[in-house]
Amino acid sequence: MLKVENVSKKYGDFQAVDNISFRIDKGEIFGIVGPNGAGKTSIIKMIVGLIEPSEGEIWISRYNIKTMGEKAKQLIGYLPEESPVYEDMTAMEYLDFFGEIYGIGRQEVRERAEAILNDLNLKHLNRKLGEMSKGMRRKVAIARSLINNPELLVYDEPTSGLDPITSNYVMEYIRNLKGEKTILLTTHNLYQAEKICDRILILKDGRMVALDRVDGIKQRFGGVKYTLRFRLGNLTGIHLPVESRNGCKVALCSSVEEVNTLAREVVRRGGEILDIESHAPSLEEIFLTVVS
Ligand code: ATP
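Residues numbered from 1 in each chain as written. Predicted model: local features only at pLDDT ≥ 70, side-chain atom pairs only at ≥ 80, totals over all residues. Heavy atoms only, no water.

(A) Up close: unusual backbone geometry. A positive phi angle, close to 50°, is found at Asn149, a residue other than glycine. Along the chain, Asn149 falls in the loop between α5 (134–146) and β7 (152–156). We classify Asn149 as partly exposed; its relative accessible area is 46%. Positive phi is not limited to glycine here, since Glu157 has a value of about 45°. With respect to the helices and strands, Glu157 occurs in the loop between β7 and α6 (164–176). Among the residues examined, Glu157 registers a relative accessible area of 11% and is labelled buried. (Helix = DSSP H or I, 4+ residues; strand = E, 2+ residues; numbered from the N terminus. Buried < 20%, exposed > 50% of the residue type's maximum accessible area, 1.4 Å probe, protein only.)

Following this line, the structure appears as structure tokens:
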């Protein structure tokens, strides 16, 4: 559905995006994460045709964004990081306005808008945008991005500035569009990214640090750790660092094999295993390690 091939972006002498390549399959949710200034918005703007790549090619479906930009744009529903403000328009007037740009009849716009905003739990279609809260305006902007029934949604920080409840609600809504739509989003919320994205690209200083499924990233950068608590008087012959805590011994193992070896040794020496806990690092923990 989307192919980004060896794309770079320079602003003057500054290399903001450096040789990025990825593909997104139809029906997938693909997340780009990275610290401030990593180049996420620049990539998004190149995909939706707002800025041109300095190098590389982008295809939306079979349309090259450089040569078939207008066709490509018809397939996209774009949610910018900050939506332009049309303070004096009501939500419905705003959506009618965009419906007209896309050549969609007023009745159809109303039906679609009402269905989308009902799903997003926004009721005040006749309230002016200038009188709406940030979360309400974000929902209207999401409705706008869907009004032309696009195949590819390109969402730049869809939940930025939203309270946790609204933020989860919006992410859940996006998750429910999976399959029906192909979705590319950027976010700083790694917990949500982990929950809803099929694959994730981690960016740092415009470069790709990792691109994989969440479990693939975890396997490569994370590694599950195991804490084994046991009782044993004499630690001679135990080859792992062991701490004494609350009357028992605690060892950190980095593989199942290490757990087995230690457990066998403890039992062989007459000790007792109390419990074993596994700890898989979250995407956020991995992110903090790989981008710092
Ligand atoms: P954030 O998470 O803060 O939104 P981002 O990952 O989206 O950041 P970009 O907005 O793509 O990052 O910016 C990447 C780099 O390019 C930054 O160093 C930024 O200052 C620079 N940059 C972005 N737009 C321009 C521009 N129009 N002119 C010059 N430099 C720019």
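(B) Broad picture of the packing of aromatic side chains. Tallied over the full model, the rule gives 6 aromatic pairs. On the basis of an interplanar angle of 55° and a centroid distance of 5.3 Å, the ring pair of Tyr86 and Tyr94 is categorised as tilted. Ring pairing ties together the aromatic residues Tyr86, Tyr94, Phe97 and Phe98, which thus form one cluster. Across from the ring centre of Trp59, 4.6 Å away, lies the NZ or CZ of Lys3, which sits over that ring. (Phe/Tyr/Trp six-rings, centres within 6.5 Å; stacked < 30°, edge-to-face > 60°. Lys NZ or Arg CZ within 6 Å of the ring centre and 35° of its normal.)

(C) Layout of the sheet that holds strand β2 (residues 14–24). What the 4 strands build is an open sheet, ordered β2-β1-β4-β5; its pairing is antiparallel. In this open sheet, the two strands that pair with only one neighbour each are β2 and β5 (63–64). When strand β4 (residues 55–60) meets β5, the two strands line up antiparallel, connected through 2 bridges. Counted as the bridge partner of Ile60 is Tyr63 from β5. Helix α1 (residues 40–47) contacts β1 (2–11), β2 and β4 of the sheet and is inclined by roughly 60° relative to β2. (Pairing = 2+ DSSP bridges. Contact = heavy atoms within 4.5 Å. Axes fitted to C-alpha atoms, helices over the stretch in contact; angles between N-to-C directions.)

(D) Region of the structure containing the site of the ligand. Near the ligand, the surroundings consist of 14 residues, among which Asn36, Gly37, Lys40, Thr41 and Ser42 are the closest. Contact between the ligand and His188: an oxygen atom at 2.9 Å from a side-chain N or O atom of the residue. Relative to its free-state accessible area of 640 Å², the ligand is covered by the protein chains to the extent of 61%. Listed by contribution, the elements that provide at least two residues to the shell around the ligand are β2 and α1. Grouping the amino acids of the shell around the ligand by side-chain chemistry returns 5 nonpolar, 6 polar and 3 charged. (Near = heavy atom within 4 Å. Polar contact = N/O pair within 3.5 Å; in protein donor to acceptor, adjacent residues only side chain to side chain. Areas by Shrake-Rupley, 256 points an atom, 1.4 Å probe, with all protein chains shown as cover. Nonpolar A, V, L, I, M, F, W, Y, C, P; charged D, E, K, R; others polar.)

(E) Summary view of the domain arrangement of the protein. Under the domain assignment used here, the protein contains domain 1 (2–220) and domain 2 (224–291). For domain 1 versus domain 2, the distance between C-alpha centres works out to 44 Å. Summed over both sides, the interface between domain 1 and domain 2 buries roughly 950 Å², with carbon and sulfur atoms accounting for 80% of that surface. Its largest share of buried area at the contact with domain 2, domain 1 owes to Leu190, Ile202 and Lys218, together 49% of the area lost on that side. Inspection of the domain 1/domain 2 interface yields 0 salt bridges. Where domain 1 meets domain 2, there are 3 residue pairs in polar contact (both at pLDDT 80 or more). Secondary-structure elements contributing two or more residues to the side of domain 1 that touches domain 2 are α7 (190–196), β9 (199–204) and α8 (214–222). For the side of domain 1 that touches domain 2, the leading source of residues is β9, giving 4 residues. Of the residues contributing to the side of domain 1 that touches domain 2, the split by class is 9 nonpolar, 1 polar and 3 charged. (Domains from an automatic or database assignment. Buried area = accessible area lost by both parts, 1.4 Å probe. Salt bridge = Lys/Arg side-chain N within 4 Å of Asp/Glu carboxyl O.)

(F) How the structure looks around the state of the cysteines. Taken as a whole and judged by the stated rule, the model has 0 disulfides. Among the cysteines around Cys248, which has no disulfide bond, Cys253 carries the closest sulfur, lying 14 Å off. (Disulfide = S-S within 2.5 Å.)

(G) Representation of the pattern of salt bridges. Inspection of the entire model under this criterion finds 17 salt bridges. Note that Asp275 and Arg229 form a salt bridge whose closest N and O atoms lie 3.0 Å from each other. A residue pair is termed long-range when its members are at least 10 positions apart, and Asp275 in strand β14 (residues 272–279) and Arg229 in strand β11 (residues 225–231) qualify at 46 residues. By relative accessible area, Arg229 is classed as partly exposed at 31%. Glu265 is the salt-bridge partner of Arg268, the closest N and O atoms lying 2.9 Å from each other. Of this pair, Arg268 and Glu265 both sit in helix α9 (residues 256–268), 3 residues apart, which is roughly one turn of the helix. Residue classification places Arg268 among the exposed residues on the basis of a relative accessible area of 62%. Beyond isolated ion pairs, a larger network of salt bridges with shared partners links Glu265, Arg268 and Arg269.

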